[in-house]
Amino acid sequence: MKKVAIVADSNCGITKEEAKKLGIYILPYPFYIDGKLYLEGVDLTQEMFFEQLEREADVNTSQPSPADLMDMWDKALKEHDELVYICLSSGLSASCETAMVLAGDSPYDGKVFVVNNQRVSVTQYQSVMDAVVLRDRGWDGAQIREYLEDTKMDSSIYITLETLKYLKKGGRITPAAAAVGTILNLKPVLQIQGEKLDAYSKARGKAKAKKIMLEAMHKEFETRFADLCEKGEMTLHAAYAGNREEAEEWRKEIEAEFPGMECHMDPLSLTVSCHIGYGALAIACARRVI
């Protein structure tokens, strides 16, 4: 039986300490703040990140360099026959395409299996946890990649924002629309399914936005994922951008709304938070291996 390593980037939300317990490798994502390089989870914490956003520092996301990626792969392959690399959705970053190109060349061809299952943050977390289960069951790298890509659309994320500032900054809404929305206390609800980040709805106030997200998740469970729910194959997740105390209350609301389902919670990926700002809340679901 081949010895398979599981490697993921830090967008999955798994810390170095958690990775050590799981026996996996985490590649930190790079960020440039006022021109200086920081690595997520190494010298850039959630708290530091949001402090820099608040002071309106010049914050830019990047992708791991090919050299850093190959160094991580080389490290893993010293102790394993092959590896599965679970990276940020190809729709949100070019890093997946870079990894796939590198994996197709010597010495990685046939040893490195890059997963393009178009997930991010807590749904990517679930992909990593599934890969760990399948690894422990003796699946090889090709089989794990095939499963994760075959089930990639069995997930969904809904996000509401505290501020429209970063949507305006990113050009997703006009300054006029942001000004009117702020005056009216409009909270957009965004949806991520696969590689797309789309507008789903909007509400007057965060309480109404949270209600819309809960209703949307009920609809997912009653329609698209009804069969998977019946089999116990769906998981629930909560996520947040910096506001841990509010997020704990949000998780309690989710668990009360879906009795009997445990809700895993993590901070949103900083790659996502960079574009939506402090105070965002999310609910997500993802298929799991049973």
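No experiment lies behind these values; they were computed from the predicted model shown.

A. Structural detail: the sheet that holds strand β4 (residues 36-39). Strand order across the open sheet formed by three strands is β4-β3-β5, with antiparallel pairing between neighbours. Two strands close off the open sheet at either side, each with one partner strand: β4 and β5 (59-61). Going across the sheet, the axis of each strand differs from the next one's by a mean of 30°, ignoring polarity. Two strands pair when backbone bridges link them, and strand β3 (residues 30-33) and β4 are joined in this way by four bridges, in the antiparallel orientation. Note that in β4 the partner of isoleucine 33 across the bridge is lysine 36. Against the sheet, helix α2 (residues 46-54) engages β3, β4 and β5, with an angle of about 125° to β5.

B. Looking closely at the nonpolar core. Ranked by size, the top nonpolar core spans 28 residues in total, and within it Phe49 and Ile159 carry the most contacts. Sorting the residues of this core by element identifies β3, α2, β8 (155-160), β9 (186-193), α12 (270-276) and β13 (281-287) as the ones contributing at least two each. With four residues, the top contributor of residues to this core is α12. For isoleucine 159, the contacting residues outside a window of four places in its chain are Pro188, Val189, Leu190, Ile192, Met213, Val272, Ile276, Ala280, Leu281 and Ala282.

C. Structural view of unusual backbone geometry. The omega angle of the peptide bond from serine 106 to proline 107 is 5°, so this bond is cis rather than trans. Along the chain, proline 107 turns up in the loop between α4 (95-103) and β7 (112-115). In this structure, glutamine 118 takes a positive phi of about 55° despite not being glycine. Topologically, glutamine 118 is positioned in the loop between β7 and α5 (122-136). For glutamine 118, a relative accessible area of 12% corresponds to the buried category.

D. A look at the packing of helix α3 (residues 66-77) against α4. Between α3 and α4, whose axes approach to 11 Å, the crossing angle comes to 55°. It follows from the interaxial angle that α3 and α4 lie oblique. Viewed along their axes, α3 and α4 form a crossing whose handedness is right-handed. Each of Pro66, Leu69, Met70 and Trp73 in α3 lies in contact with α4, whose residues at this interface are Thr98, Ala99, Leu102 and Ala103. Its residues placed into classes, the contact of α3 with α4 shows seven nonpolar, one polar and no charged.

Reading guide: rules and limits
- Residues numbered from 1 in each chain as written.
- Predicted model: local features only at pLDDT ≥ 70, side-chain atom pairs only at ≥ 80, totals over all residues.
- Heavy atoms only, no water.
- Pairing = 2+ DSSP bridges.
- Helix = DSSP H or I, 4+ residues; strand = E, 2+ residues; numbered from the N terminus.
- Axes fitted to C-alpha atoms, helices over the stretch in contact; angles between N-to-C directions.
- Contact = heavy atoms within 4.5 Å.
- Core = buried A, V, L, I, M, F, W, Y, C linked by side-chain atoms within 4.5 Å.
- Buried < 20%, exposed > 50% of the residue type's maximum accessible area, 1.4 Å probe, protein only.
- Parallel < 35°, antiparallel > 145°, perpendicular 65-115°, else oblique.
- Left-handed = near helix turned anticlockwise from the far one by under 90°.
- Nonpolar A, V, L, I, M, F, W, Y, C, P; charged D, E, K, R; others polar.

So far we have only geometry, and geometry alone does not tell us how the molecule works.
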